[in-house]
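Tertiary structure, described
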Amino acid sequence: MKGARASNKTQPRVIALLNQKGGVGKTTSTANLGAAFALAGLRTLVVDLDPQSNLSLHFGHEPAPDQPTVRDLFMNPEIAASELIREARENLWFIPSDTELALVEGELALQPNMQHILAERLASSMPSFDVVLLDCPPSLGVLTVNALTLADDVIVPTQAQYLALRGLEKLLETVLLVQRALNANLTVAGVLLCMHESQSGHGKAVVHEMESYFEKYRGSGLPWQDAEVLRPAVRRNIKLAEAPSFGQTIFDYAPTCAGAADYRALAEAIRARWKPVQARERLAATDGTAAS
Ligand SMILES: Nc1ncnc2c1ncn2[C@@H]1O[C@H](COP(=O)(O)OP(=O)(O)OP(=O)(O)O)[C@@H](O)[C@H]1O
Ligand SMILES: [Mg+2]
């Protein structure tokens, strides 16, 4: 890992971007929120947990057959996590994925303690970062459970469509199972509206319904008791779709476009939600296993 220095800090804020529905904006948001945090001076690590390997494209990374990837994090303990972390930009590092990660789901099912592998393997690298973003695959399988076992916050990229609400309920069930069994720290920060069209009447109604849904759970003690519809929504902006084909984040490709403004403001809003960082001792104090 070049350039990422260890500091006296305790642990980074870890955010899983998760939605089991495909094509909702998880990877676009991970890459560009990561870039926005890095530009704001936070040492940021983004981890590609999706065998589609789209995240790396945003940083101009071409997969090479002999390079270690996140698959090695799960399957090859002899390769140190620090060897997988690549520098993408100033303050920004990433761990690439590869298509063979798809095989890991099956292979992991045979391993004991399989939900904790990501948390354990990244533990020694964590103090080098202020923020870690996990780009999840569009499923609620074992890779996603590994992400949830490590995360502090879940952000759910979505569109403001009726069916998204149904999917959200299913996702929250999984979050609750993980929070109860594997990671008591896990909370849901909220939904992130991507490709948003604010003029749509249907969209407005769905946003209202999402807000009422979260409102019902205030004070409930459930992981989504403080969740909200995060603002600003990320507007549909073609530049966000074009940037990865040039190996660029939105801040490289079109720093003054609406997409860049939205992700910059969103990164600030997410940061503003963080309570003063409390030392999360679970990784160190529980000899590498997540808090129960
Ligand atoms: N705000 C936006 N405006 C326009 N296009 C967008 C926007 N956000 C994402 N896209 C495009 O939508 C498509 C899906 O986005 P993305 O790959 O980020 O979704 P995903 O949830 O990661 O998908 P998957 O589930 O397949 O991993 C991509 O082509 C992306 O470029
Ligand atoms: Mg993706």
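Here, every reference points to the structure presented above.
So, a few notes on the structure that sits alongside this text. (Residues numbered from 1 in each chain as written. Chains lettered and ligands numbered in written order. Predicted model: local features only at pLDDT ≥ 70, side-chain atom pairs only at ≥ 80, totals over all residues. Heavy atoms only, no water.)

**A short note on the pairing of strand β6 (residues 153-158)**
Along a regular strand, successive side chains alternate from one face of the sheet to the other. So the rule is basically this: Buried residues are those whose accessible area, probed at 1.4 Å on protein chains only, stays under 20% of the maximum for their type, while exposed residues exceed 50% and partly exposed ones sit between those limits. We count a stretch as a helix when DSSP gives it H or I for four or more residues in a row; a strand needs E for two or more, and each element gets its number in order from the N terminus. Strands pair, by our definition, only if DSSP identifies at least two bridges between them. With the strands aimed away from the viewer, a crossover counts as right-handed if its path from the first strand over the helix to the second runs clockwise.
Where burial is concerned, most of β6 is hidden: six out of the six residues are buried. Residues Asp153, Ile155 and Pro157 point to one face of β6 and Val154, Val156 and Thr158 to the other, with burial holding for every one of them. In the sheet, strand β1 (residues 13-17) pairs with β6 via three bridges, with the strands oriented parallel. Directly across from leucine 17, in β6, lies its bridge partner isoleucine 155. As judged from the six bridges shared by β6 and strand β7 (residues 187-193), these two strands associate in the parallel manner. Residue valine 154 lies in a different strand from β7, and its bridge partner there is valine 188. Note that the unit made of β6, helix α6 (residues 162-181) and β7 has a crossover that is right-handed.

**Considering the side chain of histidine 196**
The criterion, for reference: Contacts are assigned to residue pairs with any non-hydrogen atoms lying within 4.5 Å of each other.
On the secondary structure map, histidine 196 appears in the loop between β7 and α7 (201-216). Look at histidine 196 and you get buried, because its relative accessible area is 14%. Each residue touching histidine 196, except ones within four places of it in the same chain, is listed here: Ala160, Val207, Ala233, Val234, Arg235 and Arg236.

**Overview of the site of ligand 1**
Note the following rule: By convention in this text, a residue qualifies as near a molecule or strand provided that one of its non-hydrogen atoms is within 4 Å of it. Identification of polar contacts relies on pairs of N or O atoms within 3.5 Å, with a donor-acceptor requirement for protein atoms, meaning one able to donate a hydrogen and the other able to accept it, and with residues adjacent in sequence counted only if both atoms are side-chain atoms. Per-residue and other accessible areas were derived by the Shrake-Rupley procedure at a 1.4 Å probe size, with only the shown protein chains allowed to occlude residues. Using protein atoms alone on a 1 Å grid, points that fit a 1.4 Å probe yet trap it form a cavity, whereas open point sets bounded by protein on both sides within 12 Å along at least five of seven lines form a pocket; residues with an atom within 4 Å of a point count as lining. Placement in a cavity or pocket follows one criterion, namely that more than half of the molecule's atoms lie within 2 Å of its grid points.
Neighbouring residues of ligand 1: 18 residues in total, closest Gly23, Lys26, Thr27, Thr28 and Asn237. The contact in question runs from an oxygen atom of ligand 1 to an N or O atom on the backbone of glycine 23, over 3.0 Å. One of the side-chain nitrogen or oxygen atoms of lysine 26 is found 2.8 Å away from an oxygen atom of ligand 1. Burial of ligand 1 by the protein chains amounts to 82% of its free accessible area of 630 Å². Here ligand 1 occupies the second largest pocket. Of all the secondary-structure elements, those providing two or more residues to the shell around ligand 1 are α1 (26-39) and α8 (238-242).

**Concerning the pattern of salt bridges**
Under the convention used in this document: Definition used for salt bridges: Asp or Glu carboxyl oxygen within 4 Å of a side-chain nitrogen of Lys or Arg.
The full count for this structure, using the stated rule, is 11 salt bridges. Glutamate 100 is the partner of arginine 71 in a salt bridge, and the nearest nitrogen-oxygen pair spans 3.9 Å. Within this pair, whereas arginine 71 is found in helix α2 (residues 70-75), its partner glutamate 100 is found in the loop between β4 (92-95) and α3 (101-108), the two being separated by 29 residues in sequence. Overall, glutamate 100 belongs to the partly exposed group, its relative accessible area being 43%. Note that arginine 235 and aspartate 262 form a salt bridge whose closest N and O atoms lie 2.8 Å from each other. You can see arginine 235 sitting in the loop between β8 (228-229) and α8 and its partner aspartate 262 sitting in helix α10 (residues 258-273), a full 27 residues away along the chain. Arginine 235 sits in the partly exposed class, given a relative accessible area of 42%. Residue aspartate 262 is classed as buried on the basis of its relative accessible area of 4%.

**A short note on the sheet that holds strand β3 (residues 86-89)**
Convention followed: Helix axes use the C-alpha atoms of the stretch in contact, all axes being lines fitted to C-alpha atoms, and the angles between their N-to-C directions lie in the range 0 to 180 degrees.
Strand order across the open sheet formed by eight strands is β3-β4-β2-β5-β1-β6-β7-β8, with mixed pairing between neighbours. The open sheet has two free edges, formed respectively by β3 and β8, since each of these has just one partner strand. Bridge count for β1 against strand β5 (residues 131-135) is five bridges, and the pairing is parallel. The residue bridging arginine 13 from the neighbouring strand is valine 131, located in β5. Contacts from helix α5 (residues 142-150) reach β1, β5 and β6, with the element oriented near 150 degrees to β1.

**A closer look at the pairing of β4**
Side chains of β4 alternate between two faces, with Leu92 and Phe94 and Trp93 and Ile95 buried alike. Two elements, strand β2 (residues 44-48) and β4, share four bridges in a ladder whose sense is parallel. Residue pairing in the sheet places leucine 45 in a bridge with tryptophan 93 of β4. With three bridges connecting them, β3 and β4 associate as antiparallel partners.

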